[in-house]
Structure formats: structure tokens, C-alpha cells
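Coordinate inspection notes
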Amino acid sequence: MAFTLNMFPWVYSAQYNGESWDEHYIEQEHLSPKEESSLPESERIALQMRRNNFSQFPLVNYTTQYGMGCFEGLKAYPQKNGGLSLFRPEENALRMKRSMEGLMMPSMEPKKLSTALLEFMRRNISLGFSLDYDSTWEEDNYLTAGAIYIRPFSYSESGIGINLSRNPWIIAIATPVSAYFKPGNNAAVTTTMIRATPGGTGWIKCDANYVIPALAKNKAIDKGFMECIFLDAKKHQYIEEGSSCNFFALLKDGALVTPELGDTILPGITRKSVIQLAKDRGIKVEERPLTIKEVMENAQECFVTGTAAGITPLCSLTHKEKTTDFNCGKMGELTNSMLIELKEIQYGAREDVHGWMQQL
Ligand SMILES: *Cc1c(COP(=O)(O)O)cnc(C)c1O
């Protein structure tokens, strides 16, 4: 995937002092973007590495030792008519609050966090750290378009024994990204590993949830697949999610089905948006348990959704050595048109009827 860390200089940080959040905007070492891009590669990388060094955050704490932390991911999209806009930032800020509550940490009011995200991005943009709209992106319907990825995350205070974080930081950084999944034939395979268990933390975007997906996805990649699909912990019959993306199937009867939310499914903002766009088109959307059998036998198109993935078609799904092809060679019609619709909204090339875009 195209996540390379080339952190922008301005970073947001806020620590909970027991009563309120002490907010800081930190300006890391930088040259002008132009000067940086003309540096020899080794020097540029060295500068990028230094930008990821912070002396004010403790090394040994509940986050680094025990995965006691949570994060968010959202993007700023260059707009067709100029400038940059964030996609539904208040949704990410709200989910961050819920994640922090789920981890029994103090949380931040969503409005405060989304305001801080706007402010630190504006500081980066005013230094010239930004991304220009490129009209050639329109040629492939933004499939290869870039964006700026924003990563807010919690980070605990010093500590060594297993415990809750009571004075966490919320830190936010930004980095440019290109397309996550290469367009083309994305084959998926079910994994026997378990991502989330009932009563667990699957519904929280918490650090601890990504060890198993990283293992399972890499095993899938080693076998020549692009993505792994997790099944439910109890019966191993129901589809849950991809490694870090929600799952959708268009069944042969025309219904668009996605697993219903519960404590093992991450409530994706792209998922929620896709459900809305499908309903706007009059498509029957069902949020319900979805068996692997039903998908293998009865789906005509499948795709996964997420901020990084956007809408990514799965051209085939392999389960217990059997493979069902959906649309290898060409993209399914609904997947393709939904993908374009969402991208056009995000890049400001289509009317934003739901008011999802927030200008920077
Ligand atoms: C982040 C994430 C998603 C996608 O959520 P978006 O809000 O659409 O980016 C789906 N599943 C998991 C496990 C995730 O971590």
C-alpha cells in the first residue's frame, strides 16, 4: 500500500491534565517543500526520520507496552475548484471519543478535536505542505488520485504495570498518500484467524486490534491474495470484515448486504456513507448477518470500504480451497459507479448533497 510516512511539519498534541486538555501545536524541523524535494534522497529521508522524533513523549508507557491506545484515520482531498476539504471529520472525532471511552480513558469533545484537526492542517498548508489538485486524476475517475492522510491517535503517560491511561495525549499527524489498493484484480481469501471476539474490543479502533489482521493479511499476500476476510469467532460462518475495511456484497436479487454492527465490527465511516449513497439510489440495503456460504453462492459483486481503501472491488473470494469469481477482469457495475460517486464527492467534482465535506 501507499502509506509512506512523510510527515508534515505541524503536529497537534493535547494532554489531559486531570481536568482539561493542554493543547499544543508543535512545529517540527523543516525546509520549504520545494527545498525538501530537491534534497538528495538520503538527506530527505534523514529529515523525515527526524520529523518523527519527539523528546516530549515517554517511551515506556501503556501504549507502547500493552497496546492501550486508539487511533483514527481521515483524509483531506484536493478539490476540483481549489483548496482542500476533509471528509466527515466530525464523524472521526466522535468515533475517537467513543474509542477513548471504550478504553476507559478521558475523552475529548468531538468539536474540540475536529477544530484542532482543521487548525493543524491549516498551519501545514500555510507552510506549503499540501497537495494540489491534478486534473489528470479525472481520466481514471480518481482511482490513482492522491490525498493527505490525517492520523489522530492516543498515547499514554509513563507507566510500566498493566493499567489504564488516565492522562493520555491525543496527537495528530498528517502525511500525503496515494491510492491504497491498486486497481485491478483484487482477490480475497478467508482466514481462520479471529480478529474480534464477542465481548471484546472489535468495535473500537484500538491499537490492540491490528496485530491479528497484520498477520492474517500477510499470510494472504504470501499466498498471492490481496486481502483476507475474517469470519465470526463462534461459528466461523458469518463474514465480518477485511483486515481493516468493512465488507459489502451485492446479491443476485439486487440487495446490497453488509454485516450489521455489533461488538465485533468496526463502525466504518465509509461504510455508513456507502449505505447512505446506496439508499439514495433506491437500492435495498440490508445490515444483517451474512454467511460466507451466501456470498460464495449468491453474490454478484463484492467490495470492501475504508478511508484508506475507499471502495475497493474484490474480484474473487476463496474459502476452504473453493473460489468464486465475481468480476475478474472488469469491475462490477454497482461497485464501479459507487466508487466513482464517492470519489467525485470527495474531490469536489460532484454536489455534496449530504454536507460531508469540510473545507480547510
Ligand atoms: C478503520 C477501519 C475500518 C474503516 O473505517 P472508515 O471509517 O471507513 O475508515 C473498517 N474496519 C476496521 C477494522 C478499521 O480499523
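In this text the structure is predicted, and so the values were computed from the model without any measurement. (Residues numbered from 1 in each chain as written. Predicted model: local features only at pLDDT ≥ 70, side-chain atom pairs only at ≥ 80, totals over all residues. Heavy atoms only, no water.)

**Some thoughts on the environment of Gln276**
For clarity, the cut-off: Labels follow the DSSP assignment, with helices taken as runs of H or I lasting at least four residues and strands as runs of E lasting at least two, numbered in each case from the N terminus. Contact criterion: two residues are considered in contact whenever any of their non-hydrogen atoms come within 4.5 Å of each other.
As for its placement among the helices and strands, Gln276 is situated in helix 7 (residues 269–280). Sequence separation between Gln276 and Trp137 is 139 residues, and the spatial gap between their C-alpha atoms is 25 Å. Those residues in contact with Gln276 that lie beyond four places of it in its chain are His354 and Trp356.

**Remarks on the domain arrangement of the protein**
Our working rule: These domain boundaries are the output of an automatic or database domain assignment. For any pair of parts, buried area is found by adding up, for both, the accessible area (1.4 Å probe) each one loses once the two are put together. Any pair of nitrogen or oxygen atoms within 3.5 Å is treated as a polar contact; in protein, a donor-acceptor pairing is required on top of that, and neighbouring residues in sequence qualify only through side-chain atoms on both sides.
On domain assignment, one finds that the protein holds domain 1 (10–177) and domain 2 (187–346). One C-alpha centre belongs to domain 1, the other to domain 2, and the line joining them spans 26 Å. The interface of domain 1 with domain 2 comprises 24 residues on the first partner and 21 residues on the second. Carbon and sulfur atoms supply 62% of the area buried between domain 1 and domain 2, which totals about 2,100 Å² over both sides. Where domain 1 meets domain 2, there are ten residue pairs in polar contact (both at pLDDT 80 or more). The set of elements that each furnish at least two residues to the side of domain 1 that touches domain 2 consists of strand 3 (74–78) and helix 4 (89–102). The element best represented in the side of domain 1 that touches domain 2 is helix 4, accounting for six residues.

**Observations regarding the packing of aromatic side chains**
Spelled out, the test is: Ring pairs are drawn from Phe, Tyr and Trp, using the six-membered ring of Trp, whenever the two centres fall within 6.5 Å, and their geometry is named by plane angle: stacked under 30 degrees, edge-to-face over 60, tilted for the rest. We call a charge positioned over a ring when the NZ of a Lys or the CZ of an Arg lies within 6 Å of the ring centre and within 35 degrees of the ring normal.
Scanning all chains against the criterion turns up 14 aromatic pairs. A ring pair is formed by Phe71 and Tyr210, whose centres lie 5.1 Å apart and whose planes are at 65 degrees; its orientation type is edge-to-face. Taken together, the positions of Phe71 in the loop between helix 3 (62–66) and strand 3 and Tyr210 in the loop between strand 7 (187–191) and helix 6 (211–222) put the pair 139 residues apart, joining distant regions of the chain. Here Phe87 and Trp356 contribute two aromatic rings whose centre-to-centre distance is 5.7 Å and whose plane-to-plane angle is 85 degrees, an arrangement assigned as edge-to-face. Taken as a pair, Phe87 in strand 4 (residues 84–87) and Trp356 in the loop between helix 9 (333–346) and strand 17 (357–359) lie far apart in primary sequence, 269 residues in all. By way of ring pairs, the aromatic residues Tyr77, Tyr133, Trp137, Tyr142 and Tyr347 are connected into one cluster. Over the ring of Tyr25 we find Arg123; its NZ or CZ atom is 4.3 Å from the centre of that ring.

**Regarding unusual backbone geometry**
The phi torsion at Asn141 lies on the positive side, around 55 degrees, for a residue other than glycine. Within the secondary structure, Asn141 sits in the loop between helix 5 (110–126) and strand 5 (147–155).

**Considering the packing of helix 7 against helix 9**
Short version of the rule: In this analysis an axis means a line fitted to C-alpha atoms, helices contributing only their contacting stretch, and an angle means the value between N-to-C directions, from 0 to 180 degrees. Each angle gets one of four labels, with under 35 degrees taken as roughly parallel, over 145 as roughly antiparallel, 65 to 115 as roughly perpendicular, and the rest as oblique. Here is the rule for handedness: rotate from the far helix to the near one, and if that takes an anticlockwise turn smaller than a right angle the crossing is left-handed, while a clockwise turn gives right-handed. Amino acids outside the nonpolar list (Ala, Val, Leu, Ile, Met, Phe, Trp, Tyr, Cys, Pro) and the charged list (Asp, Glu, Lys, Arg) are all regarded as polar, and Gly is one of them.
At a closest axis distance of 11 Å, the pairing of helix 7 and helix 9 adopts a crossing angle of 110 degrees. Classed by the angle they form, the pair helix 7 and helix 9 counts as roughly perpendicular. When the axes of helix 7 and helix 9 are compared, the crossing they make is right-handed. The residues of helix 9 that touch helix 7, namely those facing Thr270, Val274, Leu277 and Ala278, are Met338, Glu341, Leu342 and Ile345. Here the contact of helix 7 with helix 9 is built from residues that sort into six nonpolar, one polar and one charged.

**Side note on the nonpolar core**
The tendency in soluble globular proteins is for nonpolar side chains to be buried side by side. Heads up, the condition is: Working definition of a nonpolar core: buried Ala, Val, Leu, Ile, Met, Phe, Trp, Tyr and Cys residues. They are joined through side-chain atoms within 4.5 Å. Burial classification: accessible surface area is computed with a 1.4 Å probe over protein chains only, and a residue below 20% of its type maximum counts as buried, one above 50% as exposed, and the rest as partly exposed.
Formed by 34 residues in total, the largest nonpolar core has its most connected members in Tyr12, Leu113, Phe120, Ile150 and Ile170. Those elements giving two or more residues to this core turn out to be strand 1 (10–16), strand 3, strand 4, helix 4, helix 5, strand 5 and strand 6 (169–177). With six residues, helix 5 is the single largest residue contributor to this core. When sequence neighbours within four positions are dropped, the list of residues in contact with Ile150 reads Glu72, Gly73, Leu74, Ala76, Leu86, Leu117, Phe120, Met121, Ile173 and Ala174. With 28 residues, the next largest nonpolar core counts Tyr149, Phe303, Leu342 and Met357 among its residues.

**Describing the sheet that holds strand 5**
This is how it is decided: For two strands to count as paired, DSSP must find a minimum of two bridges between them.
The strand order across the open sheet formed by seven strands is 2-1-6-5-3-4-17, and the pairing between neighbours is antiparallel. On the outer flanks of this sheet lie strand 2 (21–27) and strand 17, each paired with one strand and no other. Adjacent strand axes in the sheet meet at a mean angle of 25 degrees, parallel and antiparallel pairs treated alike. The pairing of strand 3 with strand 5 spans three bridges and is classified as antiparallel. The partner of Leu74 across the bridge, within strand 5, is Ile150.

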